[in-house]
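Structural description and commentary
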Amino acid sequence: MKGGSRVLKKNVLIIGAGISGVGAARYLTTEHPAKSLAIVEAREAAGGTWDLFRYPGIRSDSDLYTFGYEFKPWRDKQAIADAPRILDYLHETIDENGLTDLIRYRHKVVSAAWSSADARWLVDIDRTDTGERVQISARWIFCGSGYYDYDEPYRPDFAGIENFAGPVVHPQLWPESLDYTGKRVVVIGSGATAISMIPAVARKAGHVTMLQRSPTYLLSGQRINPVVNLLRKVPPRRLGYRLAWLYNVLFIVAVYGIARRAPGFSRKAIRAVAKHYLPENYPVDTHFKPTYDPWDQRLCLILSGDFYDAIGAGRAEVVTDEIDHIDESGVVCKSGTRIDADVLVTATGLRLQALGGVALSVDGEEVKPADRFVYKEHLLEDVPNLAWCVGYINASWTLRADLTARAVAKLLAYMDSHGYTHAYPHLGATPMEEKPAWDINAGYVRRAVHVLPKSGTHRPWNVRHNYVLDAIDHRLDRVEESMVFGRAAVRAVKTA
């Protein structure tokens, strides 16, 4: 990389122009219009996840009335939307809030170094369009880059996969040129990606087989919810949208609460839905009866039974088995079952990383996020002037993104009113029992224990996945709780 000499100074640097970064930019430019702000995006377009993933059938797995920003109600009648609709919504948000000129594309953040003497971050950025290394000096960093590696998905080492004669694709790196029309497609995996992809792929493919090691819970929802659309029509319009939003929030909370407190009832209800859609005498318990309770891992959303309908129509099937090896023409399972394939799709999950993989240091000392506790779900222990936005595991990502952006705006206002230049949460010598920040038993979380920050067991260090309690806390929040504030020393100006 070629070096750059000029250092650009900003009050706030936002990393990522996806749902989190764009939302934060809107809140901060509204609440702090005098502060200079820049958004850096490693890719060539805004959208984050919704621009990166291009596989067939990509859509939200939560309703857009709560996935949409609180300041910009979702107006489409579709509660569950595909990626193009979500991208249109995001681009509208950028345009309507004057954020277009703030975004610098193909700017990949490599490292960020905090100087206590200056009370600023010095951020190294590689411009992938010109090959230059540029630097931005920022008082604050808001990291809205999500929690997984955009460049490298998780790929298990399947024996013999290099011998397969056809295309092997991962949904995160889906090639637009892939033609699977009339072909036998095997999708390895049974998570949200596979469940949303298979009904779409099955419309063109000759046949689709989902090969899963163990079953997953599937929750059926509606793309267009008549109750929500009725509430949206309540006048005035803003009240109608708030009622639709509230209905969906309460529904999410109720489903999760019932699943946790009455897992037996939830199991039966989910099984009943499967039996309703699947053919008579279908082995439901073989393919759709997990060994764990609902929400020990995430529930996967299907739309009006579309996944079950593809099975019933014979366009798709489920095989529950483990892979022994892959050869030139397909997959051989440990049971001896053979699945012939023309195309293999490895829907095997994500590779998680904290803070977009940015290398952090404070006064020359490396900061490893996994060694730090999370404070109020968005700050890191003893790391000054840095926020990280991470969504819920059991509700819409944007519910927490909105809370996080508003909390940062509130903290900045508090600092400005007291003349503080820097702030960080401090646990000190207080004993703190640890627990995982994401309390689900999903494979992608288990693989990333050494990557993600820690959660304590009581506030303000407890990472909860309960929007209602978080919203109450944010309303009653004491900004100064467990925080250390400071002012940078004013350096003398030398005169001749």
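Note that the structure is a prediction, hence the values are computed from the model and not measured.

1. Points about the environment of Ile-39
Looking at where Ile-39 falls in the secondary structure, it is placed in strand 2 (residues 37–41). Sequence-wise, Ile-39 and Leu-360 are 321 residues apart; in three dimensions their C-alpha atoms are separated by 18 Å. The residues contacting Ile-39, other than those within four sequence positions of it, are Ile-14, Gly-16, Ala-17, Ala-25, Leu-102, Ile-103 and Arg-104.

2. Remarks on the sheet that holds strand 15 (residues 338–340)
Pairing is antiparallel across the open sheet formed by three strands, whose spatial order is 13-14-15. What marks the edges here is a single partner per strand, and that holds for strand 13 (323–327) and strand 15. Strand after strand, the sheet turns through a mean of 20° between neighbouring axes, direction not considered. As defined by bridge partners, strand 13 adjoins strand 14 (residues 330–333) across four bridges and the pair is classed as antiparallel. Each bridged residue has a counterpart across the sheet, and for Ile-326 the counterpart in strand 14 is Val-331.

3. What about the environment of Gly-166?
Take Gly-166: it is sitting in the loop between strand 6 (132–143) and strand 7 (168–169). Among the residues examined, Gly-166 registers a relative accessible area of 23% and is labelled partly exposed. On a C-alpha basis, the gap between Gly-166 and Asp-473 in space is 53 Å, while along the polypeptide they are 307 residues apart.

4. Observations concerning empty space enclosed by the protein
The tally for this structure, following the rule as stated, stands at seven cavities of 30 Å³ or more. Estimates place the volume of the largest cavity at around 140 Å³. Contributing to the lining of the largest cavity are 13 residues, with Val-374, Trp-388, Val-390, Ala-437 and Trp-438 lying nearest its centre. Its boundaries defined by the atoms lining it, the second largest cavity holds a volume of some 100 Å³. When grouped by side-chain class, the residues that make up the lining of the second largest cavity number six nonpolar, one polar and three charged.

5. Brief notes about the pattern of salt bridges
Scanning the model with the defined rule gives 32 salt bridges in all. Between Glu-322 and Lys-334 there is a salt bridge; the shortest N-O distance is 3.6 Å. Residue Glu-322 is located in the loop between strand 12 (316–320) and strand 13, and its partner Lys-334 is located in the loop between strand 14 and strand 15; the two are separated by twelve residues in the primary sequence. Since its relative accessible area comes to 38%, Glu-322 is described here as partly exposed.

6. Some words on the packing of aromatic side chains
Going through the model one piece at a time under the given rule, you end up with 25 aromatic pairs. A centroid spacing of 4.7 Å and a plane angle of 10° characterise the contact between Tyr-69 and Phe-71, whose relative ring orientation is stacked. Judged by its relative accessible area of 3%, Tyr-69 is buried. With a centroid separation of 5.9 Å and 25° between ring planes, the pair formed by Tyr-69 and Tyr-89 is classed as stacked. Residue Tyr-69 is located in the loop between helix 3 (64–67) and helix 4 (83–96), and its partner Tyr-89 is located in helix 4; the two are separated by 20 residues in the primary sequence. Taken as a pair, Tyr-69 and Tyr-89 share a single burial class, namely buried. Among the aromatic residues, those joined into a ring-pair cluster are Phe-53, Tyr-55, Tyr-147, Tyr-148, Tyr-150 and Trp-397.

7. Some points on the layout of surface pockets
Put simply, the second largest pocket is a space of about 850 Å³. Leu-219, Ser-220, Phe-251, Val-255 and Leu-301 are, among the 36 residues lining the second largest pocket, the residues nearest its centre. Mapped onto the lining of the second largest pocket, the elements with two or more residues apiece are strand 10 (218–221), helix 7 (237–261), helix 8 (263–277) and strand 11 (300–303). Ranked by residues supplied to the lining of the second largest pocket, first place goes to helix 7 with eight residues. For the lining of the second largest pocket, a count of residues per class yields 24 nonpolar, nine polar and three charged.

8. Brief notes about the pairing of strand 14
Between strand 13 and strand 14, which pair antiparallel one after the other, the connecting turn spans two residues. Bridging between strand 14 and strand 15 involves three bridges; their strand directions are antiparallel. Counterpart to Val-331 in the pairing with strand 15 is Ile-339. The loop that links strand 14 with its antiparallel partner strand 15 comprises four residues; one of these, Gly-336, has a positive phi angle of about 100°.

Parameters and conventions
Residues numbered from 1 in each chain as written. Predicted model: local features only at pLDDT ≥ 70, side-chain atom pairs only at ≥ 80, totals over all residues. Heavy atoms only, no water. Helix = DSSP H or I, 4+ residues; strand = E, 2+ residues; numbered from the N terminus. Contact = heavy atoms within 4.5 Å. Pairing = 2+ DSSP bridges. Axes fitted to C-alpha atoms, helices over the stretch in contact; angles between N-to-C directions. Buried < 20%, exposed > 50% of the residue type's maximum accessible area, 1.4 Å probe, protein only. 1 Å grid on protein atoms, 1.4 Å probe; cavity = no way out; pocket = protein on both sides within 12 Å on 5 of 7 lines; lining within 4 Å. Points joined across faces, edges and corners; volume = space filled by probe spheres on them. Nonpolar A, V, L, I, M, F, W, Y, C, P; charged D, E, K, R; others polar. Salt bridge = Lys/Arg side-chain N within 4 Å of Asp/Glu carboxyl O. Phe/Tyr/Trp six-rings, centres within 6.5 Å; stacked < 30°, edge-to-face > 60°.

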